[in-house]
Amino acid sequence: MTTADSVVELRGITKRFRDVTAVDGVDLSVNQGELLTLLGPSGCGKTTTLRMIAGFETPSEGDVYITGAPVTDVPAYNRDTGMVFQHYALFPHMTVADNIAFGLKMQGVPDDEVDERVADGLEMVRLGGLGDRYPSELSGGQQQRVALARALVIEPSVLLLDEPLSDLDKKLREEMRLEILRLHRELDVTMVYVTHNQEEALTISDRMAVMSDGRVHQVGTPEEVYQSPSDEFVADFIGNANILRGRATDIDDGQYRVDLKCASEVTLDRAATASSLDIAPGDDVNLLFRPERFTIRAENGRAGAGTDVNVVHGEVTEATYLGSRIDYFVRADGEQLHVVQQNIRRDDTFDAGDRVVLEFDPDGPFAIPSRSGGEA
Amino acid sequence: MSDESARGVPVGADAETDAGTGGVAGGLHERLRAFIQRHKRESYAGYILAGPYLLYMGVFFLVPVAYMFAVSFFQNIPNATMTPGFTLENYVKVFTTPLYTNTLYTTVEISVVSTLFTIVVSYPIAYFIVFSNWAYSKALVLLVIAPLLVGNVVRAFGWFALMGSSGALNTLLGVVGLRYTLLNTKPGLVIAISSVLMPFAILILMSVLYTIDEEIVEAAYNLGGNRLQTFVYVTLPLSAPGVVGATLISFVLTMGTFATAQFIGMPQVPMLAPFIYSVANTDLNWPLGAAMSFVLLGVSLLLVWLYTRVTSLQHESDGGAI
């Protein structure tokens, strides 16, 4: 059953190249008007997945639907998709205007309408007046704008972007990211966006699908994926993660206790638990601590204030001053913890060797299944 | 940076006096000397790397060609030798004797037809080798190169044995009362010459097709271009330099082809190279042979020039090709 407003739907997509399984049973649906990123390390199958949507690869198993119609056996040139490639892939022997006109001409759009829509396309990506140039005469950012215009003027049901910013330098990358977001919002065009850059994915996604080893680990909004990762891989890949192993003890409705080697007494909110987990007393649990969820203070600073619940005692091994924030590494009973502290108070900084206390709230850590077999 | 180099250049001339007076300019002078030394070392490297080839070509190519050019203006003395001098009579003879002009015409004709035939047959297989997913398509490259390993003379003799009027094929056909003639015909010569050209053409076409970014072809598909449209508007124009290169090589090689032309064509389908050989070796008329050689060279260069002119003009208008 395709849902009414899903533009792209993948069902049990698997792609094998000889004996390598690049994509392994992926189910995914992209809703009308949303920007979905496929995020993962290189070789995770995200580009192969995108290429199967475009029709450049045929799935070994499973089916692809675009606007509800099965297209698994439809060649790329009959699919209603627009694609933006990492290396732009502009036609080097054609002018910018001819590049943008190509898709319209293939569709048999009348000449005067082609001219009009090409001009509009150039305006859309703010390249008006550059229609007569050849791609080689443009900068990387301009070339990628042409590629965007070329893919958008054919008004595809879905725009596919394969690492579109990877070839650009940092400043241009940010500029183009905003440009893509602007087009996404103004044109209300559905986008599937492949990237290996987690920061890029967090900033532009409506939803993101985190992939590794050919499988989708989690699909969710950036906030869901960051705050409530489905497993250790996602926790580790999106942002920085301290993962501590412990054992659940007392459990009641709202809270449970965990024995952690490096911390005294830990009481956590039950709500901060991956949905696939059902924790019972005696279970091993993995707790994800984001570096910014700790509050760092001197061990003998406000000592004695409050109880010794949800604190970790340790020693700073490394302090990196980054201006707006300070990165610490704190060793606590054999564990190395990464802690990020906003640089708010002038006197609250520490150096290597200082004894410190790390505090966290009951809803700070997040319990996730372990890599090995915790996904029951 | 830029104003330092601006100062550095004019100083070069009187650097010596600057060094003599010492002072600030001494540093600049030393830097200049170091630069010159470095530059000299680089030039030595150039001589060492390019020298052997340039020497070789100078002695064994330029000198003989220059000598033959001089010979083409010498006076021929029948059944004897030639006398140095300056006469245009050899060239006049080449252009006024119907036998020679016909031979020149046949040579150009065979070259053009062989080249066209070669490109038309070579392009598809080169395309297939480069773009096919078939696991063994790369093995085809070996098959393509294999003919290069067989000398032209050996191959021409093979053709001779196969296609001759009492050759293997005719003997077989004779059983059912048929005869055919390819030996000493234009089609036979074109087929034979093309088999020599194809390996070169295919390798050149492949090398250019390999440079076409697959993403660009995919972009054309993505924009709705079917296989034929994508080929016509994208792949073919992008491979044009390969077509031009393969055409030039094929044409120039055919214009000067000797062994194949000698064994398959002569005497009914004469081409200039074997003709020149017989003029020089049988008639012992070196000046005439030399003049014919330079006419052949001149016509080849002229046609190559015309061809590159036409194709580069076409390339310039490619922008609006669709």
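Values in this document were obtained by computation on a predicted structure and should not be read as measured data.

Caption draft 1: Looking closely at the overall build of chain A. Of regular secondary structure, chain A possesses 8 helices and 20 strands. In terms of its C-alpha atoms, chain A occupies a principal-axis envelope of roughly 80 × 50 × 35 Å. The 376 residues of chain A split such that 41% are buried. In chain A, once contacts between residues fewer than 6 apart in sequence are set aside, the share between residues at least 24 apart is 67%.

Caption draft 2: Structural detail: the overall build of chain B. When helices and strands are tallied, chain B shows 15 helices and 2 strands. For chain B, buried positions account for 28% of its 322 residues. Partitioning the intrachain contacts of chain B with sequence separation of at least 6 by distance along the chain shows that 67% fall at a separation of at least 24.

Caption draft 3: Representation of helix α12 (residues 240–255) of chain B within the structure. Spanning 16 residues, α12 of chain B covers 22 Å between terminal C-alpha atoms, matching the ideal 22 Å at 1.5 Å per step. Within the span of α12 of chain B, buried status applies to G242, A246, T247, S250, F251, T254 and M255 of chain B.

Caption draft 4: View of the interface of chain B and chain A. Across the boundary between the two partners, chain B contributes 18 residues, which contact 22 residues of chain A. Counting residues per element, the ones that place at least two in the side of chain B that touches chain A are α10 (214–222) and α11 (227–238) of chain B. Looking at the side of chain B that touches chain A element by element, the count peaks at 6 residues for α10 of chain B. Considering only residue class, the side of chain B that touches chain A consists of 8 nonpolar, 6 polar and 4 charged.

Caption draft 5: Representation of the sheet that holds strand β5 (residues 69–70) of chain A. All names here are of chain A. An order of β2-β1-β4-β5 is seen for the 4 strands of this open sheet, with the pairing classed as antiparallel. Looking at strand neighbours, the two that pair on one side only are β2 (20–31) and β5, the edges of this open sheet. Sheet analysis places strand β4 (residues 61–66) next to β5, joined by 2 bridges and oriented antiparallel. Looking across to β5, one finds that I66 is bridged to A69. With respect to the sheet, helix α1 (residues 46–54) is in contact with β1 (6–17), β2 and β4, its orientation differing from that of β1 by roughly 120°.

Caption draft 6: Geometry of the nonpolar core. Counting residues in hydrophobic clusters, the biggest one holds 110 residues, and the most contacted among them are V192 and L358 of chain A. Sequence-distant contacts of V192 of chain A, that is, excluding residues within four places in its chain, are made with V8, V30, L36, L38, L50, I53, V158 and L160 of chain A. Core analysis: the second largest hydrophobic core is formed by 48 residues, V130, V144, I264 and V295 of chain B among them.

Caption draft 7: Local environment of helix α9 (residues 186–210) of chain B. In a regular helix each residue adds 1.5 Å, so 25 residues correspond to 36 Å; α9 of chain B covers 34 Å between its end C-alpha atoms and thus fits that length. Most pronounced at L197 of chain B, the bend in α9 of chain B amounts to some 40°, and the proline P199 of chain B follows within four residues.

Caption draft 8: Region of the structure containing unusual backbone geometry. Residue and element names in this part refer to chain A. Of note in the backbone geometry, T67 takes a positive phi value of approximately 45° without being a glycine. Within the element layout of this structure, T67 appears in the loop between β4 and β5. T67 sits in the partly exposed class, given 16 other C-beta atoms within 10 Å. Notably, Y88 is not glycine yet its phi reads approximately 70°, a positive angle. Of note, Y88 is situated in the loop between β6 (81–84) and α2 (96–106). A residue is classified by how many C-beta atoms lie within 10 Å of it, and Y88, with 25 of them, is buried.

Caption draft 9: Local environment of the confidence of the model for chain B. Residues and elements named next belong to chain B. Across chain B, the average pLDDT comes to 83, with 88% of residues at or above 70. When pLDDT is averaged over each element of chain B, α10 comes out on top at 95 and helix α1 (residues 2–11) at the bottom at 42. Long-range and interchain partners of residues 1–24, a stretch whose pLDDT sits below 50, account for 12 contacts in this model, where long-range means more than four residues apart. Contacts of residues 318–322 to residues separated by more than four positions or lying in other chains number 9 contacts, the stretch itself having pLDDT below 50. Here the prediction assigns the complex a pTM of 0.79, and the interface score ipTM is 0.84.

Caption draft 10: Geometry of the packing of helix α5 (residues 98–131) of chain B against α9 of chain B. All names here are of chain B. Look at α5 against α9: their axes get within 6 Å of each other, and the N-to-C directions meet at 40°. With respect to each other, α5 and α9 are oriented oblique. Note that α5 runs across α9; the crossing there is right-handed.

Caption draft 11: Layout of the environment of V208 of chain B. All names here are of chain B. Relative to the elements of secondary structure, V208 occurs in helix α9. Along the primary structure V208 and G242 are separated by 34 residues, whereas in three dimensions their C-alpha atoms are 5.3 Å apart. Apart from the residues within four sequence positions on either side, V208 is in contact with S239, P241 and G242.

Caption draft 12: Region of the structure containing the sheet that holds strand β19 (residues 355–359) of chain A. All names here are of chain A. Strands sit in the order β15-β19-β16-β17-β18 across an open sheet of 5 strands; the sheet is antiparallel. Strands at the two margins of the open sheet, each flanked by one partner only, are β15 (295–298) and β18 (335–342). On average, adjacent strands in this sheet sit at an angle of 45° to one another, irrespective of strand direction. With 5 bridges joining them, strand β16 (residues 311–321) and β19 adopt antiparallel strand pairing. The partner of H313 across the bridge, within β19, is V357.

Caption draft 13: Looking closely at the pairing of strand β11 (residues 242–251) of chain A. Residue and element names in this part refer to chain A. Pairing analysis gives 6 bridges linking β11 to strand β14 (residues 284–289), with the strands arranged antiparallel. Paired with I243 across the bridge in β14 is L288. Bridging between β11 and strand β12 (residues 255–260) involves 4 bridges; their strand directions are antiparallel. Paired with R247 across the strands is D259, a residue of β12.

Caption draft 14: Spotlight on the environment of P287 of chain B. Residue and element names in this part refer to chain B. Here P287 is to be found in helix α15 (residues 286–316). For P287, a count of 26 C-beta atoms within 10 Å translates into the label buried. Apart from the residues lying within four places of it in its own chain, the contact partners of P287 are V71, S72, F74, Q75, N76, M82 and N90.

Reading the values: rules and limits
Residues numbered from 1 in each chain as written. Chains lettered and ligands numbered in written order. Predicted model: local features only at pLDDT ≥ 70, side-chain atom pairs only at ≥ 80, totals over all residues. Helix = DSSP H or I, 4+ residues; strand = E, 2+ residues; numbered from the N terminus. Buried ≥ 20, exposed ≤ 12 C-beta atoms within 10 Å, placed from the backbone. Contact = placed C-beta atoms within 7 Å. Expected span 1.5 Å × (residues − 1). Nonpolar A, V, L, I, M, F, W, Y, C, P; charged D, E, K, R; others polar. Pairing = 2+ DSSP bridges. Axes fitted to C-alpha atoms, helices over the stretch in contact; angles between N-to-C directions. Core = buried A, V, L, I, M, F, W, Y, C linked by C-beta atoms within 7 Å. Bend = angle between axes of the 7 residues up to and from the residue. pLDDT = per-residue confidence, 0-100. Parallel < 35°, antiparallel > 145°, perpendicular 65-115°, else oblique. Left-handed = near helix turned anticlockwise from the far one by under 90°.

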